[in-house]
Amino acid sequence: MEERILHPPLPRAEARIRVLHEDVTIDNFGWLRDRDNNDVMEYLKAENTYAEQATAHLVEIKQQLIVEIERRKLADVRHPPLTVGPFEYFRIHEHGLPHPAWWRRPVAGGPNELVLDPNTIPGAVAFYTLGIFEPSDDGRYVAYSFDVVGNEGYELRVLELPSGRNVWRGPGRVGQATWAADSQSFFFSQERSDRRQHDRIVRLDLAASKSEVVFEEGNERLEVLVRRSDSGAWLFIDVISGCDNTLPVHRGATEVWCLASNNPRGRWRRIVARDLGHKIYAEHWNDRFLFRVDDNGPDWRMVSAPIDDPSPSQWNEIIPHRAGVTVEEVHVFDQNLVFVERENLKPRLVLYEQSGQARSVIVSEESTCTLKVGVSAGGSYSVAGHPYCTSRLIYSVSSFIKPDTFTEFDMESGRSEILSQAHVPGYDASQYVMTIVMADAEDGAQVPISLIARRDRLPDGPVLLNVYGCYGTTRWPSFFTAPSCLDERLSLLDRGFAFGIVHVRGGGEFGHRWHDAASRNQKAVTYKDLIRSAEALVEQGYAARDEIIIEGKSAGGGTVLAAAALRPDLFRAVIAEVPLADIIDTELDFNMPFAFAETAEYGDPRIPDEYSYMRTYDPYYNLGAGKPLPPTYIEAALDDSQVLYHQPARYVAQRRCCAIDSDPALIFRTRTLGGHFGFSHGPAVAEEAAFRQAWILGQII
């Protein structure tokens, strides 16, 4: 029987010529931006069909992977309750329902009470993610936000208890939020319809059933968030860089405003002016404000100042700047100050007295891991919190090897107790080993790679490397959360792969200096660090040459596409999920999400020198007939609000157009459910992971 020959789809080309700074570029697929064009949908469907046909030979291994992944998805992960005021809030996942429901019980004892069941929200059966879950101090209300589309347009509701009645329904695109001390005033950040940054703070007055904007930021490079001090006594508005993700929530602000939490209708006071030129994170402790500030160096120091006059002339140093020791987070208790510090890749918890003297140090057994203080509601904009007047410190550790483990440490007695540890069916931690490999960058910098593999893995085997490297975002090993997702990737490890996260510059693993070393006119350092890391794994015997596969998501997808274009001979294959594949075109169109803010990361193409530099690595405009690229799997999402579907679609179409044979090894799928972060729940989660892994295995076999 004659074998059927598959031909990739090739959409029509409509040439658009652009001349910018005397450089001529041709865009053949700008028409793919028009989602209402039937031809666009037909092309995306054709690519999905081709992807299914071209990978049909992987169906059997994919089904095996689905079974393995779904078994591990049954992991028993128990989070400690979230304590707010007189109640403890916790989740119970009833068998057969897609989402866990929120319940509560009195701290003093009493029956459980149902608070919120997401399964009753229209649309949540198909897709649902939580934005915030914020109970008021008195327990009368719970504010929550949710997304049932995947476009991150979180809708806000305020629930009255115990009636279960929604007493307020707000607009979409709500971010972080907090209650004031009166339990009647609620503050939240919100996006305007024409921007993707949260640029305004809104106060909701439940007593009057009305809302008003109390703060608005006009600088398009900046966004705002609102939070409450650990003490509960103060509210803060942070004005932050829209492209600075070095320390989400705890990141430094260029400007800070404060308001007494018991006076929510009062006048906000600015305590840090943006002309100071530093990044500052503010907190409150007893009769003083605390500031974590980078004025003496990028790794932060801690100062205190009187509440009435917190100007720099009144600063009193508590903890000095220590080169190489990054203060990631600050948590305040009535009698103790707790820092999350990281030296190299290893985190630690340090407890300080009011004098600045360290009382206790808690160091994880893991060489690198994700360490968190407090308990989070788990939403996209939820902030981990803890009671203020307590000696009980709850923290969690998760790594490549260790599933999420919650520990309670008594800051008075020094005793520790494990509250819960996730159990993963069939998982034996002793079978795996994690190591940190150092790669020498072109300029001599040491780039670390967090690597995990089975103990019995043969050397020189295949390796899957994950990378991001933008906006100062950190990527620490964990077990369940992205980008690690070890509950899924164990299937690859058990088949001889090693998996690693490359901590390239452009990220924030070593603070601001690590990010600044690979931004704007040095952005290509990110891609070169990835290349050198792959070469180092071969040189040091961790990987076989021609068996390294790289993957990245969003801006990380742009990273792997750019690196593969620079060194196509080095990588066996590439996975780019919802990739930022057309950097120049994105920044030339301020209607695109984050376009203006991203000029701080990649440079401004309107400036000739910066445009010329971007042209050397922009994935879309570095495609050509004479530049063969490794087999590549690319994924887009129709409802993605961060990287719009047409950005990867245009890259794929252009790449097929440039290749003589339409590049049959290029696989492109577009999801029609879920947005930037994929499916929220159900069998599709395992299917998506299994498809990628089957494709990866297909490149090595």
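Since the model is a prediction, treat every value here as computed from it, not as a measurement.

Participant: Give a detailed account of the overall build of the protein, specifying residues and quantitative values.
Facilitator: The helix and strand tally for the protein stands at eleven helices and 38 strands. Taken over C-alpha atoms, the radius of gyration comes to 25 Å for the protein, in line with the 27 Å a tight globule of 701 residues would show. With the C-alpha coordinates of the protein rotated into their principal frame, the extents come out at 80 × 60 × 55 Å. Split into buried and exposed, the 701 residues of the protein put 60% on the buried side. Put simply, 58% of the contacts in the protein that link residues at least 6 apart link residues at least 24 apart. Summing over all exposed atoms, the protein offers an accessible surface of approximately 27,400 Å²; the carbon and sulfur share of this is 49%.

Participant: Outline the layout of surface pockets, supporting the account with residue identities and numerical values.
Facilitator: Space inside the second largest pocket adds up to approximately 770 Å³. Glu 134, Arg 228, Ser 229, Gly 385 and His 386 are the residues nearest the centre of the second largest pocket, which is lined by 34 residues in total. For the lining of the second largest pocket, the secondary-structure elements that each account for two or more residues are strand 3 (82–84), strand 7 (129–135), strand 11 (174–179), strand 15 (222–228), strand 19 (280–285) and strand 23 (325–332). Considering every element that reaches the lining of the second largest pocket, the biggest residue donor is strand 11, with four residues. When its residues are assigned to classes, the lining of the second largest pocket shows 16 nonpolar, twelve polar and six charged.

Participant: Residue-level account of the side chain of Ser 491, with values.
Facilitator: Topologically, Ser 491 is positioned in helix 3 (residues 486–493). Judged by its relative accessible area of 0%, Ser 491 falls in the buried class. At a separation of 2.7 Å, a polar atom in the side chain of Ser 491 contacts the side chain of Glu 68. Side chain to side chain, Ser 491 and Arg 72 meet in a polar contact 2.5 Å long. Setting aside anything within four residues of it in sequence, one finds Ser 491 in contact with Leu 65, Glu 68, Ile 69, Arg 72 and Gln 693.

Participant: For the packing of helix 2 (residues 59–72) against helix 11 (residues 683–700), give the residues involved together with the corresponding values.
Facilitator: Relative placement of two packed helices is described by the angle separating their axes and the distance separating the axes. Between helix 2 and helix 11, the least distance of the axes is 8 Å, while the angle of their chain directions is 130 degrees. Classified by the angle their axes make, helix 2 and helix 11 are oblique. Taken as a pair, helix 2 and helix 11 cross one another with a handedness that is right-handed. Together, Ile 61, Lys 62, Leu 65, Ile 66, Ile 69 and Glu 70 of helix 2 and Pro 683, Ala 686, Glu 687, Ala 689, Ala 690, Phe 691, Gln 693, Ala 694 and Leu 697 of helix 11 make up the contact between the two elements.

Participant: Tell me about the sheet that holds strand 25 (residues 346–352), and name the residues and values.
Facilitator: Two modes of strand pairing occur in sheets, parallel and antiparallel, and in both the strands are linked by backbone hydrogen bonds. In spatial order, the strands read 23-24-25-26; together these four strands make up an open sheet with antiparallel pairing. Where the open sheet ends on each side, the last strands, each with one partner, are strand 23 and strand 26 (358–363). Put simply, the sheet's adjacent strands are angled 25 degrees from each other on average, direction ignored. Sheet topology places strand 23 next to strand 24 (residues 337–343); seven bridges connect them, and they run antiparallel. Looking at the pairing, Val 330 lines up with Phe 339 of strand 24.

Participant: Can you lay out helix 3 for me, pointing to particular residues and giving the numbers?
Facilitator: Counted residue by residue, helix 3 has eight buried out of eight residues, so it is predominantly covered. Leu 486, Asp 487, Glu 488, Arg 489, Leu 490, Ser 491, Leu 492 and Leu 493 are the residues of helix 3 that are buried.

Reading the values: the criteria
- Residues numbered from 1 in each chain as written.
- Predicted model: local features only at pLDDT ≥ 70, side-chain atom pairs only at ≥ 80, totals over all residues.
- Heavy atoms only, no water.
- Helix = DSSP H or I, 4+ residues; strand = E, 2+ residues; numbered from the N terminus.
- Rg over C-alpha atoms; globule rule 2.2 N^0.38 Å.
- Buried < 20%, exposed > 50% of the residue type's maximum accessible area, 1.4 Å probe, protein only.
- Contact = heavy atoms within 4.5 Å.
- Areas by Shrake-Rupley, 256 points an atom, 1.4 Å probe, with all protein chains shown as cover.
- 1 Å grid on protein atoms, 1.4 Å probe; cavity = no way out; pocket = protein on both sides within 12 Å on 5 of 7 lines; lining within 4 Å.
- Points joined across faces, edges and corners; volume = space filled by probe spheres on them.
- Nonpolar A, V, L, I, M, F, W, Y, C, P; charged D, E, K, R; others polar.
- Polar contact = N/O pair within 3.5 Å; in protein donor to acceptor, adjacent residues only side chain to side chain.
- Axes fitted to C-alpha atoms, helices over the stretch in contact; angles between N-to-C directions.
- Parallel < 35°, antiparallel > 145°, perpendicular 65-115°, else oblique.
- Left-handed = near helix turned anticlockwise from the far one by under 90°.
- Pairing = 2+ DSSP bridges.

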